[in-house]
Amino acid sequence: MELTVNGQRHQIDAEAGMPLLWVLRDILGLTGTKYGCGIAQCGACTVHIDGMAVRSCQIALADVGGEVTTIEGLGTPDAPHPVQQAWIDHQVAQCGYCQSGQIMSAAAMLALQGEPDDQQIDRIMSANLCRCATYPRIRAAIHDAARRLATG
Amino acid sequence: MIRAALVMLSLVLPAGAEVTTSVVAPPQEGSVSREDGLAAWDRVHAVVSHPRCANCHVGADNIPMWSGPEYPQTGPHGMNIDAGDSRIGAETLPCATCHVTSSAPANGPNDAPAAMIDWQLAPVDMIWFGQSSAQICAQMSDPARNGGRDWIQLAEHLRDDAAHGGFVAWGFAPGGARQPAPGDLQSHIDDVLKWGAAGQPCPE
Ligand code: FES
Ligand code: FES
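Residues numbered from 1 in each chain as written. Chains lettered and ligands numbered in written order. Predicted model: local features only at pLDDT ≥ 70, side-chain atom pairs only at ≥ 80, totals over all residues. Heavy atoms only, no water.

- With an unreviewed UniProt entry as reference, chain B is termed Cytochrome c domain-containing protein, source organism Paracoccus maritimus.

- The name an unreviewed UniProt entry assigns to chain A is (2Fe-2S)-binding protein, from the organism Paracoccus maritimus.

## Digging into the overall build of chain A
Right, so step 1: When helices and strands are counted, chain A shows six helices and five strands.
Right, so step 2: For chain A, the N- to C-terminal ordering of α and β elements is β-β-α-β-β-β-α-α-α-α-α.
Right, so step 3: For a compact globule of 152 residues, the expected C-alpha radius of gyration is about 15 Å, and chain A comes in at 15 Å, within 12% of that figure.
Right, so step 4: Structurally, chain A occupies a C-alpha span of about 40 × 30 × 25 Å along its principal axes.
Right, so step 5: Within chain A, residue pairs in contact and separated by at least 24 positions form 58% of the contacts whose partners lie at least 6 positions apart.
Right, so step 6: In the structure as shown, chain A presents an accessible area of about 7,100 Å², 49% of it carried by carbon and sulfur atoms. (Helix = DSSP H or I, 4+ residues; strand = E, 2+ residues; numbered from the N terminus. Rg over C-alpha atoms; globule rule 2.2 N^0.38 Å. Contact = heavy atoms within 4.5 Å. Areas by Shrake-Rupley, 256 points an atom, 1.4 Å probe, with all protein chains shown as cover.)

## Quick notes on the pattern of salt bridges
Right, so step 1: Following the criterion strictly, the structure yields ten salt bridges over all chains and no others.
Right, so step 2: Across the salt bridge formed by D82 of chain B and R123 of chain A, the nearest N and O atoms sit 3.3 Å from each other. Note that D82 of chain B is positioned in the loop between β4 (75–76) and α3 (133–140) and R123 of chain A in helix α5 (residues 118–125), a pairing that runs across two chains.
Right, so step 3: You can call D82 of chain B buried: its relative accessible area is 17%.
Right, so step 4: Taken together, the shared-partner salt bridges connect D89, D144 and R148 of chain A into one network. (Salt bridge = Lys/Arg side-chain N within 4 Å of Asp/Glu carboxyl O. Buried < 20%, exposed > 50% of the residue type's maximum accessible area, 1.4 Å probe, protein only.)

## Some details on the UniProt feature "domain: Cytochrome c" (unreviewed entry) in chain B
Right, so step 1: Within this structure's numbering, the places UniProt gives as "domain: Cytochrome c" (unreviewed entry) are residues 79–200 of chain B.
Right, so step 2: Here residues 79–200 of chain B runs as 33% helix and 0% strand, with 39 Å between its end C-alpha atoms. (UniProt positions renumbered as here; feature names shortened; annotations may be inferred.)

## Quick look at the nonpolar core
Right, so step 1: One finds W41, W128, M140, I189, V192, L193 and W195 of chain B to be the most contacted residues of the largest nonpolar core, which totals 30 residues.
Right, so step 2: Counting residues per element, the ones that place at least two in this core are α1 (34–48), α2 (51–54), α3, α4 (151–163), α5 (167–172) and α6 (185–197) of chain B.
Right, so step 3: Excluding anything up to four places from it in sequence, W195 of chain B contacts G37, A40, W41, C137, M140, S141, L154, Q200 and P201 of chain B.
Right, so step 4: Among the nonpolar cores identified, the runner-up in size contains 20 residues, and V83, W87, A107 and L110 of chain A belong to it. (Core = buried A, V, L, I, M, F, W, Y, C linked by side-chain atoms within 4.5 Å.)

## Some details on the interface of chain B and chain A
Right, so step 1: With 20 residues of chain B at the contact, the number on the chain A side is 18 residues.
Right, so step 2: Between chain B and chain A the total buried area reaches about 1,700 Å² when both faces are included, carbon and sulfur atoms providing 54% of it.
Right, so step 3: For the pair chain B and chain A, the number of links is ten residue pairs in polar contact (both at pLDDT 80 or more).
Right, so step 4: Of the residues belonging to the side of chain B that touches chain A, the class tally is ten nonpolar, seven polar and three charged. (Buried area = accessible area lost by both parts, 1.4 Å probe. Polar contact = N/O pair within 3.5 Å; in protein donor to acceptor, adjacent residues only side chain to side chain. Nonpolar A, V, L, I, M, F, W, Y, C, P; charged D, E, K, R; others polar.)

## Section: the domain arrangement of chain A
All names here are of chain A.
Right, so step 1: Looking at the assigned domains, one finds that chain A contains domain 1 (2–72) and domain 2 (82–151).
Right, so step 2: The distance between the C-alpha centroids of domain 1 and domain 2 comes to 21 Å.
Right, so step 3: Listed by partner, the interface residues are 18 residues for domain 1 and twelve residues for domain 2.
Right, so step 4: In total, domain 1 and domain 2 occlude about 1,100 Å² of area from one another, counting both sides; carbon and sulfur atoms represent 57% of this. (Domains from an automatic or database assignment.)

## Some words on unusual backbone geometry
Glycine aside, residues mostly have negative phi, and peptide bonds are mostly found in the trans state.
Right, so step 1: A positive phi angle, near 50 degrees, is found at N6 of chain A, a position not held by glycine.
Right, so step 2: Within the secondary structure layout, N6 of chain A lies in the loop between β1 (2–5) and β2 (8–11).
Right, so step 3: For M79 of chain B, which is not a glycine, the phi torsion comes out positive at approximately 65 degrees.
Right, so step 4: The topology assignment puts M79 of chain B in the loop between β4 and α3.

Right, here's the structure in full:
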C-alpha cells in the first residue's frame, strides 16, 4: 500500500487494518508520534491527514485517504513551525509525552481558527490529555502562536 | 398511492464491513389500520429513541450525548465536545478526528465508533434526544422538519443511508460491545412504511 508521510512516498507492506500509528512508529520509525491509550481518549497519537487532525491510533492503513504529516514533518529544529517555536519559548513540555499530539492538534486548529479565545481553545484541546497538567502553558503558547501566525 | 416496485439493494463492501440489503415495499396507502399504524410507530420510536440514534440527534446546543447501558450515567459527550453549528465540529474539533471514516465500521469495543461517512450530528430540526414519542412522531411526519420527505421517501432515506454505510446501518451494527438499536434495518423500514400507510398516526 502506498502512503505519503511528510512529503515522502512509501510502499508499506502491512495488513490493511493496521492502525496508522503502528505504521508510523514501527514500520517507518517515526517515533515522535506517541502511543498513549490506543482508544481515542488521549490525543497523544494526533497527526494530520491533509491538514486535519486525526487520531492515528484509530485509522486503519487502508482508510488513510490523504497525505500524512507527523510532528517530524511539521517543522524542523532549524525551521520550527510557529506552534513549535511558541512551545519552545513557553517551555510548555514537562515530561513531553503528550506534547507532539498537543502541538499537532493546536497547529490544525490554528490553520482554521485565526485567534481563538480561551473558551475555543478549551473546546478544541480538551480531547488532548496531559498527565503533567501543562494546560496553562499550552493555552499561553497557543495564544502566542496565533499572534505569530496572524502577523506572518 | 402505490409504488409497487420493489427496490433491491445489495452492496459489495470491503471485508469486515456490514453488507446491507434492504427493500422498500410500501403497502397501499390506507391499507393499514390506525391501531396497527400506532403499533408500528411504537417500534419505530424504540429505534429512534435508542441511544445509538438519539445520542447524536441533539438540539441547538450542538453537544452530543453519552447515554445508554455503556455509560454509568447520562450526560454530555466527554472531552468538552461541541460540534458547532456546522454539526460536524468544523468550528472546534471535527467529529472525524476521533470518529474516523472507515471501510470497516463495526470496530472493536475500545475504538471510537466509526461509519463509512464522516461522523456528524443530525440536523437540529431532527432533535430526538429527550423528546417524547409524540414530539418525535410529529417531527418525522412534518416535511418541513424531516428533510422534505413523505412516508415512502422516509423509508427510502433509511435504505439509501444504510447502503452507503451511513449511521442508519451503523445503529443496527455498531460493533464492539455497544448495544445495537432494537431489531434490524429491514424491520425498521417495514415499520416506517406500515406507519406511513396508516396515515402516520401519532400517539397523544
Ligand atoms: S493513543 Fe490515540 S488517542 Fe490515545
Ligand atoms: S507533558 Fe507530560 S503528559 Fe503532557
